[in-house]
Amino acid sequence: MASRPLHFIWLADGSGSMRVEGKIQALNHAIREAIPHMRAAAQDNPHAAVFVNAIRFADEARWMGEKLTPVSEFRWQDIEAGGATAMGEALAMVGEALQPPLMTDRALPPVLALVTDGLPTDDFQAGLNHLLSKPWGRQALRIVVAIGEDSASNEAQEIFRAFMGNDALRPFHANNPEALAEQIRWVATVVLQSVSSPAGQTPDQVAGISAAGWTASLPLLTGMHAAGPDEADVW
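Residues numbered from 1 in each chain as written. Predicted model: local features only at pLDDT ≥ 70, side-chain atom pairs only at ≥ 80, totals over all residues. Heavy atoms only, no water.

### Considerations on the packing of aromatic side chains
Step number 1: Overall, the coordinates contain two aromatic pairs when judged by the stated rule.
Step number 2: Each ring, one from phenylalanine 8 and one from tryptophan 10, has its centre 4.9 Å from the other, and the planes form 55 degrees; the classification is tilted. Here phenylalanine 8 matches tryptophan 10 in class, with each residue buried.
Step number 3: A centroid spacing of 5.4 Å and a plane angle of 50 degrees characterise the contact between phenylalanine 172 and tryptophan 186, whose relative ring orientation is tilted. Within this pair, whereas phenylalanine 172 is found in strand S6 (residues 172-174), its partner tryptophan 186 is found in helix H6 (residues 177-196), the two being separated by 14 residues in sequence. Accessibility assignment for this pair places phenylalanine 172 and tryptophan 186 in one class, buried. (Phe/Tyr/Trp six-rings, centres within 6.5 Å; stacked < 30°, edge-to-face > 60°. Buried < 20%, exposed > 50% of the residue type's maximum accessible area, 1.4 Å probe, protein only. Helix = DSSP H or I, 4+ residues; strand = E, 2+ residues; numbered from the N terminus.)

Laid out in structure tokens, this is it:
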């Protein structure tokens, strides 16, 4: 049986707050180091053809490269931090992308991985509404890697819950570079393996299907907290 396309999109916060205490350097390093693990995970599952891309959002949101990039060819381009946090614009751009011709009736539900240290400065709700107005936007597995203390605020957690749209999930959280690298690697491998496995496949028709219906069968997708006596809350 021919493999089915699976799109994995990083939404990376490049706002000015990410310059503080080396957060943007840690994000770049973590995702760059995770890409080979993504390739290995994809190679282990011939049922899915994995494509990867990224959006960097600051004063505005921009795609990192072509929207149809096989994981074997994807190269992370380090981003520099500065400006505001156009998270809503990034979500709207993803919504526009998750339509034909990029998405076909054979596609697996996409994975959207939001990596951020705080709150949007634009109209987040409008962007989210646009994303969720698209069948593939609703069907996507939407996960969050939250960076630093500010991302643990009640306001930020409310934003994250709205984005994930699934009470069975919670954000991943990292307070130092080591924890961030661990969380990013976990998202890039375990999540990818779970979603792309035959057991995680969904019917071809995505309209009207709730993401909660299939993520419920993935018990690992409940967030994890890298902890231990040596963990330092540096962010």
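### Considering the pattern of salt bridges
Note on pairing: side chains with opposite charge can pair once their charged atoms come close.
Step number 1: Taken as a whole, this structure holds three salt bridges when the rule is applied.
Step number 2: Lysine 23 serves as the salt-bridge partner of aspartate 117, at 2.7 Å between the closest nitrogen and oxygen. Within this pair, whereas aspartate 117 is found in the loop between strand S4 (111-116) and helix H3 (124-132), its partner lysine 23 is found in helix H1 (residues 23-43), the two being separated by 94 residues in sequence. The same class applies to aspartate 117 and to lysine 23, which are both buried.
Step number 3: When the shortest N-O distance is used, the salt bridge between aspartate 78 and arginine 32 registers 2.6 Å. One end of the pair, aspartate 78, is in the loop between strand S3 (61-63) and helix H2 (87-97); the other, arginine 32, is in helix H1, with 46 residues separating them in the sequence.
Step number 4: According to the relative accessible area criterion, aspartate 78 is partly exposed, its value standing at 48%.
Step number 5: For arginine 32, a relative accessible area of 34% corresponds to the partly exposed category. (Salt bridge = Lys/Arg side-chain N within 4 Å of Asp/Glu carboxyl O.)

### Describing empty space enclosed by the protein
Step number 1: Within this structure, the stated rule accounts for one cavity of 30 Å³ or more.
Step number 2: Empty space within the largest cavity amounts to approximately 40 Å³.
Step number 3: Surrounding the largest cavity, His7, Phe8, Ile9, Phe51, Val52, Asn53, Trp63, Lys67 and Leu102 form its lining.
Step number 4: Of all the secondary structure elements, the ones that give two or more residues to the lining of the largest cavity are strand S1 (4-13) and strand S2 (48-57).
Step number 5: Residues that form the lining of the largest cavity fall into these classes: six nonpolar, two polar and one charged. (1 Å grid on protein atoms, 1.4 Å probe; cavity = no way out; pocket = protein on both sides within 12 Å on 5 of 7 lines; lining within 4 Å. Points joined across faces, edges and corners; volume = space filled by probe spheres on them. Nonpolar A, V, L, I, M, F, W, Y, C, P; charged D, E, K, R; others polar.)

### Description of the nonpolar core
Step number 1: Formed by 76 residues in total, the largest nonpolar core has its most connected members in Trp10, Leu27, Phe163 and Leu180.
Step number 2: The element contributing the most residues to this core is H6, with eleven residues. (Core = buried A, V, L, I, M, F, W, Y, C linked by side-chain atoms within 4.5 Å.)

### A few points about the environment of aspartate 105
Step number 1: Along the chain, aspartate 105 falls in the loop between H2 and S4.
Step number 2: With 101 residues separating them along the chain, aspartate 105 and arginine 4 place their C-alpha atoms 9.5 Å apart.

### Considering unusual backbone geometry
Step number 1: Look at the link from proline 100 to proline 101: it is a cis peptide, with omega at 5 degrees.
Step number 2: Within the secondary structure, proline 101 sits in the loop between H2 and S4.
Step number 3: Residue glutamate 21 is not a glycine yet carries a positive backbone phi of 55 degrees.
Step number 4: Structurally, glutamate 21 is set in the loop between S1 and H1.
Step number 5: Exposure remark for glutamate 21: the relative accessible area of 54% places this residue in the exposed category.

### Concerning the confidence of the model for the chain
Step number 1: On average, residues of the chain score 87 in pLDDT, and 84% of them are at 70 or above.
Step number 2: Within the model, the stretch residues 200-231 combines pLDDT values under 50 with 64 contacts to residues more than four positions away or in other chains. (pLDDT = per-residue confidence, 0-100. Contact = heavy atoms within 4.5 Å.)

### Notes on the environment of serine 17
Step number 1: Examined against the element boundaries, serine 17 turns out to sit in the loop between S1 and H1.
Step number 2: Serine 17 sits in the partly exposed class, given a relative accessible area of 33%.
Step number 3: For serine 17 and alanine 84, which are 67 residues apart along the polypeptide, the C-alpha to C-alpha distance reads 8.5 Å.
Step number 4: Filtering out sequence-adjacent residues up to four positions away, serine 17 remains in contact with Lys23 and Asp117.

### Details of the sheet that holds S2
Step number 1: If you trace the six strands from one edge of the open sheet to the other, you get S3-S2-S1-S4-S5-S6, paired in mixed fashion. Looking at which strands have only one partner, the edges of the open sheet turn out to be S3 and S6. For this sheet, the mean angle separating the axes of adjacent strands, direction not counted, is 20 degrees.
Step number 2: As judged from the three bridges shared by S2 and S3, these two strands associate in the antiparallel manner. Bridge assignment links phenylalanine 57 to a residue of S3, and that residue is alanine 61.
Step number 3: Each of S1, S2, S3 and S4 touches H2; the most contacted strand, S3, lies at about 35 degrees to it. (Pairing = 2+ DSSP bridges. Axes fitted to C-alpha atoms, helices over the stretch in contact; angles between N-to-C directions.)

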